[in-house]
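# Secondary and tertiary structure notes
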Amino acid sequence: MSLAAYCVICCRRMGTSSPPPKSNTYWKDIRNIIKFTGSLILGGSLFLTYEVLALKKSLTLDSQVVEREKMKSYIYVPTVSLDKRENYGLTYQARKELHKAVRKVLTTSAKILRGPFADPFSTVDVEDHECASWLLLRRSQSDDPAARRQAVQEMSEAHHWHDYQYRTVAQACDPRTLIGLARSRESDLRFFLPPPPLPSLKEDSSIEEELRCLLASLPQTDLDECIRYFTSLALSESSQSLAAQKGGLWCFGGNGLPYAESFGEVPSATVEMFCLEALVRHSEIPTHCDKIEAYGGLQLLQRLYRLHKDYPNVQRNILRVVGNMALNERLHPTIVRSGWVSILAEAMKSPHIMAASHAARTLANLDRDTVREKYQDGVYVLHPQCRTSQPIKADVLFVHGLMGAAFKTWRQQDSDEVLTDKVSEAESRYMTCWPKSWLAEDCPALRIISVEYDTSLSDWRARCPMERKSIAFRSKELLRKLRAAGVGDRPMIWVSHSMGGLLVKKMLLEASQKPETSPVVNNTRGIIFYSVPHHGSHLAEYSVNVRYLLFPSLEVKELSKDSPALKALQDDFLKFAKDKNFQVLNFVETLPTSIGSMIQLQVVPAESADLGIGELIPVDVNHLNICKPQKKDAFLYQRTLQFIRETLAKDLEN
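Not measured: the values here are computed from a predicted model.

The rules we used
- Residues numbered from 1 in each chain as written.
- Predicted model: local features only at pLDDT ≥ 70, side-chain atom pairs only at ≥ 80, totals over all residues.
- Heavy atoms only, no water.
- Helix = DSSP H or I, 4+ residues; strand = E, 2+ residues; numbered from the N terminus.
- Buried < 20%, exposed > 50% of the residue type's maximum accessible area, 1.4 Å probe, protein only.
- Contact = heavy atoms within 4.5 Å.
- Areas by Shrake-Rupley, 256 points an atom, 1.4 Å probe, with all protein chains shown as cover.
- 1 Å grid on protein atoms, 1.4 Å probe; cavity = no way out; pocket = protein on both sides within 12 Å on 5 of 7 lines; lining within 4 Å.
- Points joined across faces, edges and corners; volume = space filled by probe spheres on them.
- Nonpolar A, V, L, I, M, F, W, Y, C, P; charged D, E, K, R; others polar.
- Axes fitted to C-alpha atoms, helices over the stretch in contact; angles between N-to-C directions.
- Left-handed = near helix turned anticlockwise from the far one by under 90°.
- Parallel < 35°, antiparallel > 145°, perpendicular 65-115°, else oblique.
- Salt bridge = Lys/Arg side-chain N within 4 Å of Asp/Glu carboxyl O.
- Pairing = 2+ DSSP bridges.
- Phe/Tyr/Trp six-rings, centres within 6.5 Å; stacked < 30°, edge-to-face > 60°.
- Polar contact = N/O pair within 3.5 Å; in protein donor to acceptor, adjacent residues only side chain to side chain.
- Arc of directions from axis to C-beta.
- pLDDT = per-residue confidence, 0-100.

## Looking at the overall build of the protein
If you tally the helices and strands in the protein, you get 29 helices and 10 strands. Scored against the burial criterion, the 654 residues of the protein give a buried share of 49%. Contacts in the protein between residues far apart in sequence, at least 24 positions, make up 77% of those at least 6 positions apart. By element, 56% of the accessible surface of the protein is carried by carbon and sulfur atoms, the whole surface being about 32700 Å².

## Quick look at the layout of surface pockets
Counted as a void, the largest pocket has a volume near 870 Å³. Sorting the residues of the lining of the largest pocket by element identifies helix H7 (145-156), helix H19 (353-366) and strand S1 (379-383) as the ones contributing at least two each. Among the elements that make up the lining of the largest pocket, the one with the highest residue count is H7 (six residues). Partitioned by chemical class, the residues of the lining of the largest pocket number 11 nonpolar, 10 polar and 11 charged. Of the volumes computed, that of the second largest pocket is approximately 690 Å³. Forming the walls of the second largest pocket are 33 residues, and the residues nearest its centre are Arg281, Glu284, Lys469, Glu477 and Lys481. For the lining of the second largest pocket, the leading source of residues is helix H21 (residues 471-484), giving six residues. Along the lines of polarity and charge, the residues of the lining of the second largest pocket split into 12 nonpolar, five polar and 16 charged.

## Here we look at the packing of helix H15 (residues 297-307) against helix H18 (residues 340-348)
Contact geometry for H15 and H18: axes closest at 11 Å, N-to-C directions at 35°. Regarding H15 and H18, the two cross each other, and that crossing is left-handed. Side by side, H15 and H18 meet where Leu298, Leu301, Gln302 and Tyr305 of the first sit next to Trp340, Ile343 and Ala347 of the second. When grouped by side-chain class, the residues that make up the contact of H15 with H18 number six nonpolar, one polar and no charged.

## With respect to the packing of helix H10 (residues 207-217) against helix H11 (residues 225-236)
Between H10 and H11, the least distance of the axes is 10 Å, while the angle of their chain directions is 140°. Classed by the angle they form, the pair H10 and H11 counts as oblique. Here H10 runs over H11; the crossing is left-handed. On H11, the residues that touch Arg212, Leu215 and Ala216 of H10 are Ala234, Leu235 and Ser236. The class makeup of the residues in the contact of H10 with H11 is four nonpolar, one polar and one charged.

## Concerning the pattern of salt bridges
Pairs can form between side chains of opposite charge once their charged atoms are near each other. Counted under the stated rule, the structure contains 23 salt bridges. Asp454 serves as the salt-bridge partner of Arg281, at 3.9 Å between the closest nitrogen and oxygen. In this pair, Arg281 is assigned in helix H13 (residues 267-282) and Asp454 in the loop between strand S4 (446-451) and H21, connecting sequence segments 173 residues apart. Look at Asp454 and you get partly exposed, because its relative accessible area is 25%. Here Asp442 makes a salt bridge to Lys632, at a shortest N to O gap of 3.3 Å.

## A closer look at the environment of Ala147
In this fold, Ala147 is placed in helix H7. On the basis of relative accessible area, Ala147 is assigned to the buried category, the value being 14%. Each C-alpha atom, one on Ala147 and one on Leu136, is 9.7 Å from the other, the two residues being 11 residues apart in sequence.

## Side note on the sheet that holds strand S2 (residues 394-399)
With mixed pairing, seven strands are arranged side by side in an open sheet as S1-S4-S2-S5-S6-S7-S10. Looking along the sheet, the strands with just one partner apiece sit at the ends: S1 and strand S10 (615-619). Here the strands of the sheet are splayed against their neighbours by 20° on average, with no regard to which way each runs. In this structure, S1 lies alongside S4, joined through four bridges in antiparallel fashion. Looking across to S4, one finds that Val381 is bridged to Ile449.

## What to know about the packing of aromatic side chains
Summed over all chains, the structure comprises 15 aromatic pairs. On the basis of an interplanar angle of 75° and a centroid distance of 5.0 Å, the ring pair of Tyr166 and Phe191 is categorised as edge-to-face. Linking Tyr166 in helix H8 (residues 163-172) with Phe191 in the loop between helix H9 (175-182) and H10, this pair joins segments that are 25 residues apart in sequence. An identical accessibility class is assigned to Tyr166 and Phe191; each is buried. Ring geometry for Phe576 and Phe582: centres 5.8 Å apart, planes at 70°, overall edge-to-face. Phe582 matches Phe576 in its accessibility class, with the two residues each being buried. Taken together, the ring pairs in this structure connect Phe398, Trp410, Trp434, Trp438, Tyr530, Phe587 and Tyr637 into an aromatic cluster.

## Here's the deal with the pairing of S2
Successive side chains on a regular strand alternate, one facing one side of the sheet and the next facing the other. With respect to burial, S2 is a largely interior element, six of its six residues being buried. Inspection of the sheet shows S2 paired to S4 by six bridges, in the parallel sense. Note on S4: the bridge partner recorded for Ala394 is Leu446. In this sheet, strand S5 (residues 492-497) lies alongside S2 in parallel orientation, the contact comprising five bridges.

## A word on the side chain of Arg387
Inspection of the secondary structure puts Arg387 in the loop between S1 and S2. Among the residues examined, Arg387 registers a relative accessible area of 19% and is labelled buried. At 3.0 Å, the side chain of Arg387 forms a polar contact with the side chain of Asp367. Polar contacts involving the side chain of Arg387 include one to the side chain of Thr370, which spans 3.5 Å. Every residue in contact with Arg387, bar those within four places of it in the chain, is listed here: Arg149, Val152, Gly180, Arg183, Asp367, Asp369 and Thr370.

## Structural notes on unusual backbone geometry
It is generally the case that most residues other than glycine have a negative phi and that most peptide bonds are trans. Of the consecutive residues His383 and Pro384, the connecting peptide bond is found in the cis state with omega at -10°. Mapped onto the elements of the fold, Pro384 is located in the loop between S1 and S2. For Ser498, which is not glycine, the phi torsion reads 55° and is therefore positive. Considering the arrangement of structural elements, one finds Ser498 in the loop between S5 and helix H22 (499-511). Overall, the relative accessible area of 6% leaves Ser498 in the buried class.

## A look at helix H14 (residues 286-295)
Within H14, burial applies to His288, Cys289 and Ile292. Summarising the axial view, the buried residues of H14 lie within an arc of 110°, below the 170-degree limit, and thus occupy one face. Opposite its buried face, H14 presents the exposed residues Thr287 and Ala294, each directed more than 90 degrees away. At the exit of H14 stands Gly296, carrying a positive phi of roughly 90°.

## Thoughts on the confidence of the model for the protein
Parts of the prediction with low pLDDT should not have their coordinates interpreted in detail. Per-residue confidence for the protein gives a mean pLDDT of 80; residues scoring 70 or more make up 70%. Low pLDDT, under 50, characterises residues 114-125; the stretch is placed with 17 contacts to residues that sit more than four places away or in other chains. Predicted confidence is poor over residues 543-551, with pLDDT under 50, and the contacts of this stretch with residues over four places away or in other chains come to 19 contacts.

Right, here's the structure in full:
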C-alpha cells in the first residue's frame, strides 16, 4: 500500500511541476526514473523476502511436538482473550453471525425432536461439528425416557468424532447416561474416563491384610452358617499356613482347604479367594453392603481386580460382590464415582463369556432407566446383554445339573470330558456358549437366562461343609431369584440338564402354591429335559474313590432310585404337567460317561429319562455331552430349536 502511494505521488509531481530549463530536464527525468525503479525493486524484494520467510515458517513442523500431541488425550478448552478490543474485529463478528445461524438451525431441529435447545448450550461458542455432541448430551438428560434412550443410542453409534469430543462427553454426562453407554454394544471406550487414583495402602500393609480388616469390620452375629464358615476361614488362615498344608489337603479333620485346591498356585491368591467367597456371601445382605462401601471396599476390590487380571476366578468373585452391591440403588452413585462403570464397560467387550456376563449382570442392576428387573447372584442374562430396540416376547431359562455351571454346561461340545468336581483354570474361560451365540441369533426376540448354583459329589469337596441343601431348598431359593428377575411375566420355556430338571419340576410345583409365583406356572409353555433322572440315577450307587463312597453329598443321595422324595416329586409333577398341558421334549444319552479315571457308567438310563409324557429321543452321546451340540446344524441343536419355535410360535408372532 505504501509503495503504490509513493508511486502515485511521484507521478503527480512529474505531471504538475512547471517545465524546468531544458538543460536540467534530461538529468532530472533520469533521477526520477532511478528513484521510482529503485523504490519498486526494493519494496518488491522486501515483500518477496517476507512471503518466502512466512511460507517457510508455516511449512516447518517440529516432529517432536507432533509426537507429543499424538500421545495426548485431553479435552480442548477454547481460550478467550481478555483484551476486549480483539473481540470486535471483522473476522470475529463474521464468526459470531455464522454461529447464530447454526444455533437457529439446531434450535429448530431440537423442537422437532421434542426437546428445546438448552439455554446453557444456546450461548456457548462452539464449532458447528461440535453442536451435535452437546445437543445429544442435553437430550440424554431429558425428562422423557424415550428421548434419553434415543440420545444414548445415537451417542453410542457415533464413530466419527474426534478424541476430545468423546472425552468431553465422558466428563459432561450424568451417571445415567454413562451407564447407558456402558450397556450399548457399539459404544467407544473413550466415552469412559479412567477410574480415579486408588488410595495408598496403609504402611506395612498388604491387600490380603486389608481384606481381612474389611471382613473383620462386618457384623459377625446372626449370620448364615456358611457365611460364618468362610469368614472364620479367611480370618484364621494365612499364606504361610496354606503353603505348609499345600501337600496335605485331604487329611481328616481338615478345615475346608480342599476347596482352595482349584483356585490357583499362589497361596496368597488362595487366601484372597477365601476372603472374596466370604465377601460374596456378606454382599447378599443389604446392610452389609453399606458397611463394605463405608470401609472403602469398592476401591479395595478394584485394586485386587487389577492385580489379578490373569486370574479369572478372582475377577469373577469380585464382580459378583459388585453385582450384589448394585442391587441396592442407594449405592449406585458411589459405584459410579469409584470408576467401576469404565471397568465394567471394558469387561462387557471381553471375548470371555464369563467376564462379559458378570459385567452385564452388574450393569443391568445399575441401569434403572431401561431395566425393571434385578438380577441376583447366580442369575445371568445371556441375551440380550446390551440395550436393544428388539422387543423381547418370551423367556428361555437354562438350568444346569450336578457339577454344572451357568456357562460351561451349555458350551459347544469340544472334547471328551470326565465327570469330576475339580475345575481347572483353563476351564474357567469358556469361549462358546450355544444359547448365547446360536439361539440368540436364531431367535432374537427371546430373553435367554442361565442360572447357577453350587453342587458337589461329596461333602468332602463341598464349598461349605455345613451347607446341605436339598432339591426342595434349592428350588425355593432359585424361584425367589428368578421371580425378582421378572421370570413369569412373559411366556417361557425351561431347558434343563440332569439334576436341573428335578429343580425345574420342584420349582413349578412350588410356584403353583403361592399367588405371587403363580405367573411362573401360568406362563410356562414347555420344558426340555436333557437326560434328567426322573426315576433315579446309577451315579448314586457308585463312587470314584473312598471320599465319595464314605460321604456322598445330599444331592447325590437324592438321585438314588429308592429315594422317597424323588418318587413323590415324579408322581406329583406328572399329574401336574398333564393338567397344565405342558409341552415336553426328552433327550437321553446312549453312551457311557467316564466317572473319574476308573469307571464308565451310563448315568441316566432310558427308562429313568422317560418322564411319562412327551417325546423321548435317544442321542449317541454321553451324559456330559447330551446338552452340548457339536455344531449348529447338529440334530441335537436343530431339534431343540424346532421345539422352542413351535412351542412359542403364537407368542413370538404377537
